[in-house]
Amino acid sequence: MDIKGVRLLFDRHGDIRAGWRIVLFMISVVALAAALVQPMSLLPVSLGAIQNFVLLLAALGATATMTRAVNRKPFGAIGLALHHATFKELGVGCLLGFLMMTGIFLVGMGLGSYVPSSRGLTPLEGTGVAANALLWFGTGAMGEELLFRGYAFQTLIQAVTFLPATLLMSAVFVIAHMQNPGVTSFSMVNVALAGVLFSIAYMKTRSLWLPFGIHFAWNFSQTGLYGLPTSGVEHPARSLILSTQAGPSWISGGQFGPEGGILATIALVCATWFILKARYLAAPDGIITLDSVEDLIGPKNGEKKR
């Protein structure tokens, strides 16, 4: 390979350039997902029922490969390390996501936009439905966070800094939802705002636990607890109750669900402000991240290793 080719692929430190690392990550995700589809298709369930598992396993595999082999970091550096603040971040995220969607639902009920009705489930049936919803939305939220706030996003931050990376990845997040049922311009604005919220939640803590908690609890509450569509997709078998929508779609969100209405816009803006202002949410000291230089710093005297 000539000098120009080397400079195109590698930076002055001999590391693969950020753009190529992102390309390698996405290729790895697609390749692993394709490899997983065939064996999983042999399971006695439909591929649609396990698509979140395929996405999550592919994202985990690609993340582990790139983080360890290319960046020479432990897997937890991607934002999944366990530390003293992990359960606080996860708990705050889940509580915030639940409160956001509960507020939307209660206000929507008061305005006549959402009308709940019972499915008549027995306690045993309700437990099964809740477990199904927890598993589905949990794997889906973690898979999406690894894809949109994980390796690709964090590598993009290294290349272009946080704000441009957030705007670019939020645009990609929007594109990924553009084929969903009932999509509107309003709903895409809210999806973009959600992308910004999750990105800020990651950057504030340098961890995926906070954005994952918000993302998971938002989706689980929206459908599992309140029986409304999530990003235009209905999951009646994963809903403890069923809710019908009425009135103007700019309030209810229409076919796209609450994420397509003004109430979600308000909730997302308020949650973003809260995350920015919450002083108790911060990256723990000494946390290893994808771009940290702990491998260059001596463990005791702070001198560079020779």
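Just so you know, these numbers come straight off a predicted model, no measurement behind them.

**Quick notes on the overall build of the chain**
Thinking step 1. Broken down by element type, the chain carries 11 helices and two strands.
Thinking step 2. For the chain, the N- to C-terminal ordering of α and β elements is α-α-α-α-β-α-α-α-α-α-β-α-α.
Thinking step 3. Relative to the compact-globule value of 19 Å for 306 residues, the chain shows a C-alpha radius of gyration of 21 Å, a close match.
Thinking step 4. Considered along the principal axes of its C-alpha atoms, the chain spans approximately 70 × 50 × 40 Å.
Thinking step 5. In the chain, once contacts between residues fewer than 6 apart in sequence are set aside, the share between residues at least 24 apart is 73%.
Thinking step 6. Within the chain, one finds 20 positive and 14 negative side-chain charges whose respective centroids are separated by 7 Å.

**Focus: the side chain of Ser252**
Thinking step 1. Along the chain, the position of Ser252 falls in helix α10 (residues 249-252).
Thinking step 2. In this structure the side chain of Ser252 is engaged in a polar contact, spanning 3.1 Å, whose partner is the backbone nitrogen of Gly254.

**Some details on the environment of Thr244**
Thinking step 1. Within the fold, Thr244 resides in strand β2 (residues 241-245).
Thinking step 2. According to the relative accessible area criterion, Thr244 is partly exposed, its value standing at 49%.
Thinking step 3. Taking the C-alpha atoms as reference points, Thr244 and Gly108, separated by 136 residues in sequence, lie 11 Å from one another.
Thinking step 4. With residues up to four places along the chain from it excluded, the contact list for Thr244 reads Ser113, Tyr114 and Val115.

**Structural notes on the confidence of the model for the chain**
Thinking step 1. For the chain, mean pLDDT is 91; residues scoring 70 or higher make up 91% of the total.
Thinking step 2. Mean pLDDT values over the elements of the chain span from 63, in helix α1 (residues 3-9), up to 98, in helix α9 (residues 209-225).
Thinking step 3. Low pLDDT, under 50, characterises residues 295-306; the predicted model gives this stretch nine contacts beyond four residues in sequence or across chains.

**Observations concerning the nonpolar core**
Proteins that are soluble and globular tend to have nonpolar side chains buried together.
Thinking step 1. In terms of nonpolar packing, the biggest core is built from 63 residues, with Phe25, Met100, Ile104, Leu197, Ile214, Trp218 and Ile275 touching the most fellow members.
Thinking step 2. In this structure Ile275 touches Leu96, Leu197, Ile200, Ala201, Lys204, Leu210, Ile214 and Leu281, once residues within four positions along its chain are discounted.

**As for the pattern of salt bridges**
Thinking step 1. If you walk through the whole model with that rule in mind, you get two salt bridges.
Thinking step 2. In this structure, the salt-bridge partner of Arg149 is Glu145, at a minimum N-O distance of 2.7 Å. When sorted by exposure, Arg149 lands in the same class as Glu145, which is buried.
Thinking step 3. Between Arg206 and Asp291 there is a salt bridge, and its shortest N-O distance comes to 3.0 Å. Of the two residues, Arg206 is situated in the loop between α8 (185-205) and α9 and Asp291 in the segment after α11 (262-277); the sequence distance between them amounts to 85 residues.
Thinking step 4. What makes Arg206 buried here is its relative accessible area of 19%.

**Observations regarding helix α2 (residues 18-40)**
Thinking step 1. With 23 residues, α2 should cover 33 Å at 1.5 Å per step; its first-to-last C-alpha distance of 33 Å lies within 8% of that length.
Thinking step 2. Within the span of α2, buried status applies to Ala18, Arg21, Ile22, Phe25, Val29 and Met40.
Thinking step 3. Tucked inside the fold, the buried residues of α2 contact α3 (51-70), α5 (123-148) and α6 (151-160).

**Describing the side chain of Asn219**
Thinking step 1. Mapped onto the fold, Asn219 is located in helix α9.
Thinking step 2. A residue is classified by how much of its surface remains accessible, and Asn219, at 10% relative accessible area, is buried.
Thinking step 3. Look past the residues within four positions of Asn219 in its chain and what remains in contact with it is Phe137, Gly224, Thr230 and Glu259.

**Quick word on the packing of helix α4 (residues 86-110) against α11**
Thinking step 1. Taken N-terminus to C-terminus, the directions of α4 and α11 make an angle of 150 degrees; their axes are 10 Å apart at the nearest point. Viewed along their axes, α4 and α11 adopt a mutual orientation that is roughly antiparallel. Remark: the crossing between α4 and α11 carries right-handed chirality. Packed against α4, whose contacting residues are Val92, Leu96, Met100, Ile104, Val107 and Gly108, the element α11 presents Leu263, Ala264, Ala267, Leu268, Ala271, Phe274 and Ile275 at the interface.
Thinking step 2. Class assignment of the residues belonging to the contact of α4 with α11 gives a composition of 12 nonpolar, one polar and no charged.

**Brief notes about the environment of Ser243**
Thinking step 1. Tracing the chain through its elements places Ser243 in strand β2.
Thinking step 2. What Ser243 contacts, discounting residues up to four positions off in sequence, is Phe105, Val115, Pro116, Tyr226, Gly227 and Leu228.

**Thoughts on the environment of Leu208**
Thinking step 1. Of note, Leu208 is situated in the loop between α8 and α9.
Thinking step 2. Along the sequence, Leu208 and Gly150 sit 58 residues apart, while their C-alpha atoms lie 7.6 Å from each other.
Thinking step 3. If we ignore the near neighbours within four places in the chain, the residues touching Leu208 are Ile78, Gly79, Leu80, Glu145, Leu146, Arg149, Gly150, Gln154 and Tyr202.

Calculation rules
- Residues numbered from 1 in each chain as written.
- Predicted model: local features only at pLDDT ≥ 70, side-chain atom pairs only at ≥ 80, totals over all residues.
- Heavy atoms only, no water.
- Helix = DSSP H or I, 4+ residues; strand = E, 2+ residues; numbered from the N terminus.
- Rg over C-alpha atoms; globule rule 2.2 N^0.38 Å.
- Contact = heavy atoms within 4.5 Å.
- Lys, Arg positive; Asp, Glu negative; His and termini not counted.
- Charge placed at Lys NZ, Arg CZ, Asp CG, Glu CD.
- Polar contact = N/O pair within 3.5 Å; in protein donor to acceptor, adjacent residues only side chain to side chain.
- Buried < 20%, exposed > 50% of the residue type's maximum accessible area, 1.4 Å probe, protein only.
- pLDDT = per-residue confidence, 0-100.
- Core = buried A, V, L, I, M, F, W, Y, C linked by side-chain atoms within 4.5 Å.
- Salt bridge = Lys/Arg side-chain N within 4 Å of Asp/Glu carboxyl O.
- Expected span 1.5 Å × (residues − 1).
- Axes fitted to C-alpha atoms, helices over the stretch in contact; angles between N-to-C directions.
- Parallel < 35°, antiparallel > 145°, perpendicular 65-115°, else oblique.
- Left-handed = near helix turned anticlockwise from the far one by under 90°.
- Nonpolar A, V, L, I, M, F, W, Y, C, P; charged D, E, K, R; others polar.

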